[in-house]
Amino acid sequence: MNIYNSSLLGRRRVLVTGGAGFLGSHLVERLLARGDEVLCVDNLISGDKSNLDHFAGHPRFEFLRHDICSPLYVEVDQIFNLASPASPIHYQFDPVQTTKVSVVGSINMLGLAKRVRARIFQASTSEVYGNPVIHPQPEIYWGNVNPIGPRACYDEGKRCAETLFFDYRRQHGLDIKVARIFNTYGPRMRPDDGRVVSNFIMQALNGDPITIYGDGTQSRSFCYVDDLIEGILLFMDTDDDFPGPLNLGNPYEISMLELARCVLDITRSSSIIEHKPLPEDDPRQRNPDITLARATIGWEPATQLHAGLTKTIAYFDELLRRRTQLKGPP
């Protein structure tokens, strides 16, 4: 039993690390909507506090600026560990710190969960599969990762975090849930995060060339953020002994060229497509096998790519309009 069980008082006290980020802020929103008390922790290195503006003054919301590489002493019922930069631009900017937040940060959050006997969720990533030789990727696949490449700080950091979570489960009986999150998109993505969806949308809206690395035949699958958050909550709230890892993503696969053309079509942009060299260790394919998610939590994404992109483009379009208004006339 949780030592601090506020659910006995009618609601849960939930900690979300990385709560000012893209996924974190959407998760905070859903938790508040269902009646939880939410403590949002973020050091704002890659998160954006403006993502939390609409929670200001909410009686069940609290924000704490804190780096989980330092211990945190709070009393909670559940922990969602989402703290980590997720785009290559951000996680390669300070690779040592990226590894630390996955390893040291996980140790600190696991230690907290052990102390208060809280269930803890780890936001792992499809990057643990590296440049896969099995397609689509099932959870039993161990991956193909370069441990000394420029992406290793994130890939291997997340792999080590999974090791820690399962060792805490085996050694201390900790209640864990580990999900491997595949490419997710939607409102509140940072326009400068360097990921393909935000890149294509911003370039199209600004009339800049659409940058495709390589020949554009490499493929990804993209899950709309609302679907992803629904999967996380279903997994976290399933009271069984299955700890994961569990793939969460959209199995619909699309090439980078197809994605670029889809964005151009929705935005009605006149941007041209420009090819550049493929970055080192960039995976050729990435697509989740979600058979296990369907079987264990009855989940699969519901949002079609065109519909999700339309909502995301509307968000970025409004963001650009506000920036233009703030700048005023030339």
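Residues numbered from 1 in each chain as written. Predicted model: local features only at pLDDT ≥ 70, side-chain atom pairs only at ≥ 80, totals over all residues. Heavy atoms only, no water.

Participant: What should I look at first to understand the sheet that holds strand 1 (residues 13-17) in this one?
Facilitator: Where strands meet in a sheet, backbone hydrogen bonds hold them as pairs that are either parallel or antiparallel. The seven strands are arranged 3-2-1-4-5-6-11 in an open sheet whose pairing can be described as parallel. Since the sheet does not close on itself, it has two edges, and those belong to strand 3 (61-65) and strand 11 (246-248), each with one partner. If you compare each strand with its neighbour and ignore which way they point, the axes differ by 20 degrees on average. Both strand 1 and strand 2 (residues 37-42) contribute to a ladder of five bridges, which runs parallel. Bridged to Val14 within strand 2 is Val38. Sheet strands touched by helix 4 (residues 152-172): strand 4 (78-81), strand 5 (119-125) and strand 6 (176-181). Its angle to strand 5, the strand with the most contacts, is close to 155 degrees. Here helix 6 (residues 225-236) sits on the sheet in contact with strand 4, strand 5, strand 6 and strand 11, set at roughly 160 degrees to strand 6. (Pairing = 2+ DSSP bridges. Helix = DSSP H or I, 4+ residues; strand = E, 2+ residues; numbered from the N terminus. Axes fitted to C-alpha atoms, helices over the stretch in contact; angles between N-to-C directions. Contact = heavy atoms within 4.5 Å.)

Participant: Would you take a moment to explain helix 3 (residues 95-116) for this structure?
Facilitator: One full turn of an α-helix is made of 3.6 residues, so residues set three or four places apart face in the same direction. Along its 22 residues, helix 3 runs 31 Å from first to last C-alpha, staying within 8% of the 32 Å computed at 1.5 Å per residue. Residues of helix 3 that are buried include every one of Thr98, Val101, Ser102, Val103, Gly105, Ser106, Asn108, Met109, Leu110, Leu112, Ala113 and Val116, and no others. On its buried side, helix 3 packs onto strand 1, strand 4, helix 2 (88-91), strand 5 and helix 4. One or two steps after helix 3, the chain reaches Arg117, where phi turns positive at roughly 55 degrees. (Expected span 1.5 Å × (residues − 1). Buried < 20%, exposed > 50% of the residue type's maximum accessible area, 1.4 Å probe, protein only.)

Participant: What am I meant to see in the environment of Arg268 here?
Facilitator: Its place among the elements puts Arg268 in the loop between helix 7 (256-267) and strand 13 (273-276). Once the C-alpha coordinates of Arg268 and Ala204 are considered, the two residues, 64 residues apart in sequence, prove to be 8.3 Å apart.

Participant: Sorry, what's going on with the nonpolar core here?
Facilitator: The tendency in soluble globular proteins is for nonpolar side chains to be buried as a group. In this structure, Phe80, Phe121, Val197, Phe222, Leu248, Leu259 and Leu309 are the most contacted members of the largest nonpolar core, which totals 62 residues. Considering each element in turn, this core owes the most residues, eight residues, to helix 7. Those residues within four positions of Leu259 in sequence are excluded, and the remaining contacts are Val196, Val197, Phe200, Phe222, Ile254, Leu305 and Leu309. In this structure, Val41, Ile79, Ile176 and Val178 belong to the second largest nonpolar core, which totals 26 residues. (Core = buried A, V, L, I, M, F, W, Y, C linked by side-chain atoms within 4.5 Å.)

Participant: Could you clarify how one ought to interpret the environment of Arg284 in this entry?
Facilitator: Of note, Arg284 is situated in the loop between strand 13 and helix 8 (291-297). Owing to a relative accessible area of 35%, Arg284 belongs among the partly exposed residues under this scheme. Taking the C-alpha atoms as reference points, Arg284 and Glu274, ten residues apart in sequence, are found 19 Å from one another. Ignoring any residue separated from it by four or fewer positions in sequence, one finds Arg284 in contact with Asn131, Asp215, Thr217, Gln218, Ser219, Arg220 and Leu278. At 2.8 Å, the side chain of Arg284 forms a polar contact with the side chain of Thr217. (Polar contact = N/O pair within 3.5 Å; in protein donor to acceptor, adjacent residues only side chain to side chain.)

Participant: What is the right way to look at the pairing of strand 1 in this model?
Facilitator: Residues in a regular strand point their side chains to alternate faces of the sheet. The buried fraction of strand 1 amounts to five of the five residues, a majority that puts the element mostly inside the structure. Across the two faces of strand 1 the burial is the same, with Arg13, Leu15 and Thr17 and Val14 and Val16 all buried. The parallel pair strand 1 and strand 2, bridged by helix 1 (residues 22-33), forms a crossover whose chirality is right-handed. Bridge count for strand 1 against strand 4 is four bridges, and the pairing is parallel. Its bridge partner lying in strand 4, Val16 is registered against Phe80. (Right-handed = clockwise from strand over helix to strand, strands pointing away.)

Participant: What is the right way to look at the packing of helix 3 against helix 4 in this model?
Facilitator: Helix packing geometry: the angle between the two helix axes and the distance between the axes. Orientation of helix 3 relative to helix 4, taken along the N-to-C sense of each, is 15 degrees, at an axis distance of 8 Å. Compared by their axis directions, helix 3 and helix 4 come out roughly parallel. Regarding helix 3 and helix 4, the two cross each other, and that crossing is right-handed. Listed contacts from helix 4 to Pro95, Thr98, Thr99, Ser102, Val103, Ser106, Ile107, Leu110, Gly111 and Lys114 of helix 3 are Cys153, Tyr154, Gly157, Lys158, Cys160, Ala161, Leu164, Phe165, Tyr168 and His172. Looking at the contact of helix 3 with helix 4 residue by residue, the class counts come to eleven nonpolar, seven polar and two charged. (Parallel < 35°, antiparallel > 145°, perpendicular 65-115°, else oblique. Left-handed = near helix turned anticlockwise from the far one by under 90°. Nonpolar A, V, L, I, M, F, W, Y, C, P; charged D, E, K, R; others polar.)

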